[in-house]
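# Understanding the architecture of this molecule
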Amino acid sequence: MANIGIYGGTFNPPHIGHIRAACCAVSALGLQKLLLIPDRIAPHKEMPAGSPTPLQRLEMVRLCAGDDPYLEVTDMELKRDGPSYTYQTVQALKEQYPDDSLYLLIGTDMFLTFRQWKNAEYLWNNVTLGVFYRGQKDEVVAIARHKEEMEALGAKIVLIENPVVDISSTQLRRMLVMDCAGQFLTCEVEEYIRANKLYGTGENYHGLSMERLESVVTELLDPKRVKHVLGCRDTAIALAKHWGADETDAARAALLHDITKALDGKLQLTLCREYGIILDTFFTKNPKTLHALTGSLVAARIFGENEAVVSAIRSHTTGKAAMNTLEKIIYVADYMEPNRDFPGVEELRKLAFTDLDGAMKLGLEMTLTLLEKQGSEISPESREALAYLNKSL
């Protein structure tokens, strides 16, 4: 009797996190074989527009698995029509391996919603669930509670602590466009992606029309941030028209100002390393503040924007001394666009069209006051910006 692992998913794209988790499961569960099974149509989520074909995903999984003797890639779900339901895969594997023990590998999120799966009871009666977890306190508590509930129903569950590769496939697709995903992919998979121009890697993003730029940007943003960015764009255009700045530059800077915001602090640092940027102490200690810098880098390198746009993006969060009109417009537009709602925003909106420096000063003062109350470190650039305005006003 052998222990056979089942590890399915979209693998869009497969990355080193998948392989490290697979190797961890082989060791923890004493598996003689681990089947990697790309799905045809994921039943729980839609594939993003422009995703590779199922056969391309299958080939990438094969490349990612390499020659590991414990890993076997199968196209069994690709041969079925319709959604790739796991219970059907388990039924087929029980016929293929009637005398062996099957282990279904899933992550925390999937485990916590497992009872909502199609024919979930069949699954927990016919496989042992191998649940990957990362060891975070809240996660461990939630898993332990759910494990107890499911074991009471007859489920067999083994928890597998997973070496954390803190990247999701969604984040990885963003980073491929931004040309900073290399450390999360095997060389073979990265070469395949670029050779086949997958995930937008073959597109030239320089000089995009305004309509196309908006489309590309909204695909790269966290969906919850799209309203803010479009509101900032409209506000920046109105301010540019009022203060005599370049409206096109204002619109493009506003569209791109949060282009890297969806990347967490660790991934912001990864982008800087990939771009060869040496950071000062403030940024390394406060990586969540990095999106203005990384956004400006992506605007220049990937989108080919001019220096005026790049500089306005770079200073839109902290400000800086001696800002020009466009830089002030992007800072203020980000602060007061129509979706913002906080004490003082209406005063800021009035000032923005009567006293741009006054609006800048108010925004900086509110930010510094909030950070001081929170006990957070304040950027030297923000202090310099406020000092410059106090001196000049």
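Below you will find a few notes about this structure. The model shown is predicted, which means the values in this text are computed figures rather than measured ones. Per chain, residue numbering runs from 1 following the sequence as it is written. Residue-level local features of this predicted model are given only where pLDDT is at least 70; pairs of side-chain atoms are given and counted only at 80 or more, and the full residue set underlies all totals for whole chains, interfaces and linings. Only hydrogens and water are set aside when side-chain values are computed; all heavy atoms of the structure are taken into account.

## Some thoughts on the overall build of the protein
Looking only at helices and strands, the protein has 19 helices and 6 strands in total. Counting only C-alpha atoms, the protein reaches 80 × 45 × 35 Å along its principal axes. A total of 393 residues make up the protein; the buried ones form 50% of that total. Contacts: residue pairs with any heavy atoms within 4.5 Å of one another. Taking contacts inside the protein between residues at least 6 apart in sequence as the whole, the part at least 24 apart equals 71%. Computed with a 1.4 Å probe, the accessible areas rest on the Shrake-Rupley method; for each residue, only the protein chains presented here act as cover. Just so you have it, the protein exposes about 18,500 Å², and 49% of that area is on carbon and sulfur atoms. Note on charges: Lys and Arg go in the positive column, Asp and Glu in the negative column, and His and the chain ends are not counted at all. Charge coordinates come from a single atom per side chain, which is NZ of Lys, CZ of Arg, CG of Asp or CD of Glu. The distance from the centre of the 43 positive side-chain charges to the centre of the 53 negative ones in the protein is 2 Å. We count a stretch as a helix when DSSP gives it H or I for four or more residues in a row; a strand needs E for two or more, and each element gets its number in order from the N terminus. Remark: exposure states derive from per-residue accessible area (1.4 Å probe, protein chains only) relative to the maximum for the residue type, with buried under 20%, exposed over 50%, and partly exposed in between.

## Looking at the side chain of R173
Structurally, R173 is set in helix α7 (residues 169-177). The buried charged residue R173 lacks any salt bridge, with E219 as its nearest oppositely charged partner at 9.5 Å. Two N or O atoms count as a polar contact when they lie within 3.5 Å, although within protein this holds only if one can serve as hydrogen donor and the other as acceptor, and sequence-adjacent residues are included solely when both atoms are side-chain atoms. Among the polar contacts made by the side chain of R173, one reaches the side chain of T170 at a distance of 3.2 Å. Every case where a carboxyl oxygen of Asp or Glu lies within 4 Å of a side-chain nitrogen of Lys or Arg is listed as a salt bridge.

## Things to note about the packing of helix α2 (residues 54-65) against helix α8 (residues 187-195)
For every element, the axis is a line fit to its C-alpha atoms; helices are fit only across the contacting stretch, and the angle between N-to-C directions ranges from 0 to 180 degrees. Contact geometry of α2 with α8 gives a least axis separation of 8 Å together with a crossing angle of 155°. Here α2 lies roughly antiparallel to α8, going by the angle between them. Both α2 and α8 take part in a crossing whose hand is right-handed. Where α2 abuts α8, its residues Q56, E59, M60, L63 and C64 lie against E188, V189, Y192 and I193. Note on residue classes: Ala, Val, Leu, Ile, Met, Phe, Trp, Tyr, Cys and Pro are nonpolar, Asp, Glu, Lys and Arg are charged, and everything else, Gly too, is polar. Here the residues of the contact of α2 with α8 sort into 6 nonpolar, 1 polar and 2 charged. Oblique is the label for any angle not covered by the other classes, which are roughly parallel (under 35 degrees), roughly antiparallel (over 145) and roughly perpendicular (65 to 115). The crossing is said to be left-handed when, going from far helix to near helix, the turn is anticlockwise and less than a right angle, and right-handed when the turn is clockwise.

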